[in-house]
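Fold and geometry: a report
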Amino acid sequence: MLRVISDFQTSPKLHQRLGTFRIVPPANRPVSGSLHLWPFRCRLFCYWRIVNTITPRIFVAATHQDDGKTTTSLGLFSALKKRLGRIGYIKPVGQRFIDVEGKLIDEDTVLIDETYGVQTPLEAMSPIAVEPDFTRRYIEKGGSEALITRIRNSFDRAAWEKEFAIIEGTGHAGVGSVFDLSNARVASLLQSKVLIVTKGGIGKPIDEIALNKALFDKEGVEVVGVILNKVLPEKFDYIADFARRGLGRLGIDLLGVLPVDPVLAKPTLQQVCDEISGRFLSGIRNWGRRHIARVIIGAMSSVNLTPQFRPGTLIITPGDREDILRSALAAHSPHEGRPLHVAGFVLSTDHLPSETIIRRLSEAGIPIIASQLDSYTVASRIHSMTVKTVPGDTQKIEAIQSLIDKHVEIDRLLQKIGASVP
C-alpha cells in the first residue's frame, strides 16, 4: 500500500482526495530499486495504473439473469445515499446496451444515471459492451490485459470522490468466462466482496447460491450475504425462516427478503410497443409510460367484451373490429383529461380502423398501437416479455426504493464489508 504525499507538485490536496491506492506496474516496466525512490509527479499517471482500494464497495451478483440485480442496485443506491452521501456506480460488463451519443452504454447504467445523476461519465460506468461479435473476436485475437486495464481505470473514475461504490454484475458468477472476465474474476480484480440476489425459495435457490459461491471462493472473493427476491407474500415468513437457516449452513447471511410487488411486473405501453415491433397511431403526453395490469384478446362480441373494459386493461383486436372500438368510446368516461377505462388497444394484423375512429380514440385518451403480428403472437410475446424498470418510471422506482428500505439490512451489509455505519 502507498500513501501518495509530497511529490505531487500540481495540487497540494491531491493526495487527500486520492487516499490509499495499490500501485500496479505495467508488464513492460518492471520495478527496480526501492519503490519509495520512484519519481512520481506526472509519471505516476503515465507509467502506473492506480487501483483504488480504499473506497468501500459491493459487487451485486445473481444466480441468473433477471433475478433482480438492477432492482437491488437501484434500491441500494438510494438507501446508501441517505446514509453516506455520494455513491458511485459501475457495471463493468454489459450485455444489453443502447447507443448514447455514439457510445454503447449498458441500459442499466443509463437507468441509474438518469435516476440519481451520478456525475460520472457514462463510459466510465459502462466500460465494456458485449456486442454480438465480441466473443468471437476475443477468442480469435485475445486482449485480456486491455480489458482488465479498462475495467480498473473505469472503476477508479466511478469511485472518484465517492463514499461508496456499487458494482453491478451480469448474470451468474461464471458469465463472462469465455472472454476471461467472469463475474467472479471481475469482483476479484476490483477487490470487492459480493452480495448475491436470487429468486425466492429454499431448495433450488440455496443449491444455486452454493454453486456460485464455489466460483467466487476459487477467485478468493467473499460472499457476504444473500437477498431473496420476488417472494410470495403468503410464504414470506416461512421462506425467510428456512432460507436463513439453510444459508447459515453455508456460512452466508440472509440480508434481505423482498416480497413480490405487482407494480414491478407491469409493462408499460412503450415496452409492449417495442416488444411487438408496433407503432403508435394515437397517444400523446406520457401515454407510453402507462402501466398494463392485464391483457385480453377481443375475440368476442362487443356486448360481451364491454364488461372487460377495466382500468389497466390492454385489449388486442384486429383493427377492422370497429364495433369493439366504438364500445370502448361509449364506455369511456373522461375525468380531468384521464381515461377511467382500458390502458389501450393493440390492433393486430395491421388492419386499421377509419381515421375518424382513430381521432376519437385519441381525443378520449385511449392509445392505439398497430402491429403486423396476429393476435395470438402479440399476446404470446407480451406474456413472455421480460419487464424492466426504465428511466422516468417514478412509480416503479419509488416502489423499489421502498422495498429495499423496508426489507434489506443495509447497516448489517455495511458492517459485513467493513464500512463505517453512520
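Residues numbered from 1 in each chain as written. Predicted model: local features only at pLDDT ≥ 70, side-chain atom pairs only at ≥ 80, totals over all residues. Heavy atoms only, no water.

**Here we look at the pattern of salt bridges**
Side-chain pairs of opposite charge can arise where the charged atoms are in close proximity. Scanning all chains against the criterion turns up 24 salt bridges. A salt bridge links lysine 193 to glutamate 222; its shortest N-O distance comes to 3.4 Å. Within this pair, whereas lysine 193 is found in the loop between α8 (183-189) and β11 (194-199), its partner glutamate 222 is found in the loop between α9 (203-218) and β12 (223-231), the two being separated by 29 residues in sequence. The salt bridge involving glutamate 363 is made with arginine 359; its shortest N-O contact spans 3.6 Å. Of this pair, glutamate 363 and arginine 359 both sit in helix α14 (residues 355-363), four residues apart, roughly one helical turn. (Salt bridge = Lys/Arg side-chain N within 4 Å of Asp/Glu carboxyl O. Helix = DSSP H or I, 4+ residues; strand = E, 2+ residues; numbered from the N terminus.)

**Notes on the packing of helix α13 (residues 322-331) against α14**
Running from N to C, α13 and α14 cross one another at 30°; their axes reach a closest spacing of 10 Å. By the angle between their axes, α13 is roughly parallel relative to α14. Crossing of α13 against α14: the hand is left-handed. In this structure, α13 contributes Glu322, Leu325, Arg326 and Leu329 to the contact, and α14 contributes Ile357, Arg360 and Leu361. By residue class, the composition of the contact of α13 with α14 is four nonpolar, no polar and three charged. (Axes fitted to C-alpha atoms, helices over the stretch in contact; angles between N-to-C directions. Parallel < 35°, antiparallel > 145°, perpendicular 65-115°, else oblique. Left-handed = near helix turned anticlockwise from the far one by under 90°. Contact = heavy atoms within 4.5 Å. Nonpolar A, V, L, I, M, F, W, Y, C, P; charged D, E, K, R; others polar.)

**Observations concerning the pairing of strand β5 (residues 87-90)**
The side-chain alternation of β5 yields two buried faces, one formed by Ile87 and Tyr89 and the other by Gly88 and Ile90. As defined by bridge partners, β5 adjoins strand β10 (residues 164-168) across four bridges and the pair is classed as parallel. Paired with tyrosine 89 across the two strands is isoleucine 166, which belongs to β10. (Buried < 20%, exposed > 50% of the residue type's maximum accessible area, 1.4 Å probe, protein only. Pairing = 2+ DSSP bridges.)

**What about the side chain of threonine 71?**
Locating threonine 71 in the fold gives a position in helix α3 (residues 69-84). The exposure class assigned to threonine 71 is buried, which follows from its relative accessible area of 18%. In contact with threonine 71, not counting residues within four places along its chain, are Ile400 and Ile404.

**Description of unusual backbone geometry**
Note: most peptide bonds trans; most residues except glycine with negative phi. Positioned with a positive phi, glutamate 101 is a non-glycine residue whose angle comes to about 55°. Residue classification places glutamate 101 among the exposed residues on the basis of a relative accessible area of 79%. Despite not being glycine, glutamine 191 shows a phi value in the positive range, around 50°. Structurally, glutamine 191 can be placed in the loop between α8 and β11. By relative accessible area, glutamine 191 is classed as partly exposed at 41%.

**Some points on the layout of surface pockets**
Looking at the largest pocket, its volume works out to about 810 Å³. Looking at the largest pocket, it is lined by 39 residues, and the ones nearest its centre are Lys230, Leu264, Ala265, Val387 and Lys388. Here the residues of the lining of the largest pocket sort into 14 nonpolar, 10 polar and 15 charged. (1 Å grid on protein atoms, 1.4 Å probe; cavity = no way out; pocket = protein on both sides within 12 Å on 5 of 7 lines; lining within 4 Å. Points joined across faces, edges and corners; volume = space filled by probe spheres on them.)

**Considering the sheet that holds β12**
Read from one edge to the other, the open sheet built from six strands follows the order β5-β10-β4-β11-β12-β13, with strand pairing classed as parallel. The two strands at the open ends of the sheet, each matched to only one other strand, are β5 and β13 (254-259). Neighbouring strand axes in the sheet, compared pairwise and without regard to direction, differ in orientation by 20° on average. Here helix α7 (residues 144-158) sits on the sheet in contact with β4 (57-62), β5 and β10, set at roughly 155° to β5. Contacts from helix α10 (residues 236-248) reach β12 and β13 within the one sheet, and its direction differs from that of β13 by about 155°.

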